[in-house]
Amino acid sequence: MTNEFSKHDAVSLIDQYYQKINISLQQIVEKETNKIKILAEKAYKAIKSNGLIYAFGTGHSHILVEEIFYRAGGIAPVYPVLIGSLMLHERAVLSSKLERIDGIGEAIASDLPISSRDVVVVFSNSGSNSVVVTFAESTKKIGAYVAAVTSVEHSKNVTARNELGKKLYEVADLTIDNHVPYGDASLKMNDITVGPLSTICGAFIINSVMAEIVKLFEKDGVEPPVFLSANVPQGDEVNALLVEKYRKYIPML
């Protein structure tokens with residue numbers, strides 16, 4: 001093909017994408033900072049009470065679950081709910097079909113040791129499919145504090161695909177809007193749209209929550225349970241102590 005982007009066009013698109021990212025991040029800072037701090041406070045109280053942060057997402061949203069699990073600069077008491085059939089590495093198209101089936105979200109919740117001590121964070125850009133909505137509703141009934149990271153704009157422009165007839169932001173105790181536009185992709189080129197934003201914005205939100213949690217530990221004069229990179233001096237030693245402490249609660253460690 002001869003219609004390759006010129007260097008000028010490529011730089012222009014990169015700059016446009018950068019600007020789109022900045023617009024969403026700025027909206028998060030301006031409108032969601034208080035909610036980020038509220039979630040951090042809830043999570044900190046949960047950890048102090050021997051609770052955990054359970055994180056769940058399907059499709060590409062599962063990336064945000066892994067983002068905060070066993071992560072350099074992340075805290076140790078994070079329980080990742082990673083269901084292979086609802087991710088992408090087994091069968092991507094099938095995963096999209098499965099996340100719309102009623103009953104799966106409740107089954108996942110009932111199979112986990114979630115209690116009223118815990119905080120549950122559910123990631124879903126659309127916030128409409130059955131698995132994430134019913135998982136959130138089920139864990140809320142258990143008594144856990146449930147937070148959603150989602151695109152409210154996208155959710156309001158789609159139909160609920162679940163037996164409750166609700167969107168994720170309607171069932172969560174706290175909703176943090178990722179300020180991602182409908183459809184996720186942000187750069188229009190003729191009839192094609194590229195440049196998704198939900199992963200970048202979601203990572204910014206949840207890592208901001210983690211940082212605020214650590215600040216609360218330090219405010220109380222308590223050493224925070226933070227993982228180091230395994231590729232820095234003492235990284236393995238520090239991480240081994242945290243793994244030893246939390247593995248009985250988080251089998252994936």
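For the structure, check the block above.
Predicted model, so just to flag it, every value in this text is computed and none were measured.

**Student:** What exactly am I supposed to notice about the overall build of the chain here?
**Tutor:** Of the regular secondary structure elements, the chain holds 9 helices and 7 strands. Relative to the globule expectation of 18 Å for 253 residues, the C-alpha radius of gyration of the chain, 19 Å, shows essentially globular dimensions. Along the three orthogonal principal directions, the C-alpha set of the chain runs to about 60 × 50 × 35 Å. Buried positions account for 49% of the 253 residues belonging to the chain. Long-range pairs, those at least 24 residues apart, make up 75% of the contacts in the chain between residues at least 6 apart in sequence. Entry remark: accessible area of the chain is about 13,200 Å², with carbon and sulfur atoms responsible for 52%. Taken as two groups, the 25 positive and 29 negative side-chain charges of the chain have centres that lie 5 Å from each other.

**Student:** Looking at this structure, how should I read unusual backbone geometry?
**Tutor:** A negative phi angle characterises most non-glycine residues, just as the trans form characterises most peptide bonds. In this structure, Tyr70 is a non-glycine residue whose phi angle is positive, near 50°. Among the secondary structure elements, Tyr70 is positioned in the loop between helix H2 (62-67) and strand S2 (78-81). Positive phi values are uncommon outside glycine, yet Gln234 reaches one of about 70°. Looking at the element boundaries, Gln234 is found in the loop between helix H8 (198-219) and helix H9 (235-246).

**Student:** What's the story with the sheet that holds strand S1 (residues 53-57) in this structure? I'm lost.
**Tutor:** Across a sheet, strands are paired by hydrogen bonds formed along the backbone, either parallel or antiparallel in direction. Spatially, 5 strands are ordered S2-S1-S3-S4-S5 in an open sheet, and the strand pairing comes out parallel. Lying at the two open borders of the sheet, with one neighbouring strand each, are S2 and strand S5 (174-177). Neighbour to neighbour, the strand axes of the sheet diverge by 20° on average, direction disregarded. Two elements, strand S4 (residues 145-150) and S5, share 4 bridges in a ladder whose sense is parallel. Bridging from a neighbouring strand, Ala147 pairs with Leu174 of S5. Packing of helix H5 (residues 130-142) onto the sheet brings it into contact with S1, S2, strand S3 (119-123) and S4, and relative to S3 it is tilted by some 170°.

**Student:** What am I meant to see in the pattern of salt bridges here?
**Tutor:** If the charged atoms of two oppositely charged side chains come close together, the side chains can form a pair. What the rule picks out here adds up to 4 salt bridges. In this structure, the salt-bridge partner of Asp173 is Lys140, at a minimum N-O distance of 3.8 Å. In this pair, Asp173 is assigned in the loop between helix H7 (168-171) and S5 and Lys140 in helix H5, connecting sequence segments 33 residues apart. Between Lys215 and Glu212 there is a salt bridge, with the nearest N and O atoms lying 3.1 Å from each other.

**Student:** Before we go on, may I ask you to explain H5 in this structure?
**Tutor:** Spacing of three or four residues puts side chains on the same side of an α-helix, whose turn is 3.6 residues. Between its terminal C-alpha atoms H5 stretches 18 Å, which fits the 18 Å expected from 13 residues at 1.5 Å a residue. With 10 of 13 residues buried, H5 lies mostly within the body of the structure. Within the sequence span of H5, burial applies to Ser130, Val131, Val132, Val133, Thr134, Phe135, Ala136, Glu137, Ser138 and Thr139. In the segment just after H5, Gly143 is the residue with positive phi, at about 115°.

**Student:** Would you mind showing me how to read the packing of aromatic side chains here?
**Tutor:** Two descriptors summarise a pair of aromatic rings, namely the distance from one centre to the other and the angle between the planes of the rings. Under the defined criterion, the tally for this structure stands at 4 aromatic pairs. Ring geometry for Tyr44 and Phe217: centres 4.8 Å apart, planes at 75°, overall edge-to-face. Here Tyr44 is found in helix H1 (residues 7-48), whereas its partner Phe217 is found in helix H8, with 173 residues between them in sequence. For Phe217, a relative accessible area of 6% translates into the label buried. Relative to Phe227, the ring of Tyr70 lies with its centre 5.0 Å away and its plane at 80°, an arrangement referred to as edge-to-face. Taken together, the residues span a long stretch of sequence, with Tyr70 in the loop between H2 and S2 and Phe227 in the loop between H8 and H9 at a distance of 157 residues.

Conventions and cut-offs
- Residues numbered from 1 in each chain as written.
- Predicted model: local features only at pLDDT ≥ 70, side-chain atom pairs only at ≥ 80, totals over all residues.
- Heavy atoms only, no water.
- Helix = DSSP H or I, 4+ residues; strand = E, 2+ residues; numbered from the N terminus.
- Rg over C-alpha atoms; globule rule 2.2 N^0.38 Å.
- Buried < 20%, exposed > 50% of the residue type's maximum accessible area, 1.4 Å probe, protein only.
- Contact = heavy atoms within 4.5 Å.
- Areas by Shrake-Rupley, 256 points an atom, 1.4 Å probe, with all protein chains shown as cover.
- Lys, Arg positive; Asp, Glu negative; His and termini not counted.
- Charge placed at Lys NZ, Arg CZ, Asp CG, Glu CD.
- Pairing = 2+ DSSP bridges.
- Axes fitted to C-alpha atoms, helices over the stretch in contact; angles between N-to-C directions.
- Salt bridge = Lys/Arg side-chain N within 4 Å of Asp/Glu carboxyl O.
- Expected span 1.5 Å × (residues − 1).
- Phe/Tyr/Trp six-rings, centres within 6.5 Å; stacked < 30°, edge-to-face > 60°.

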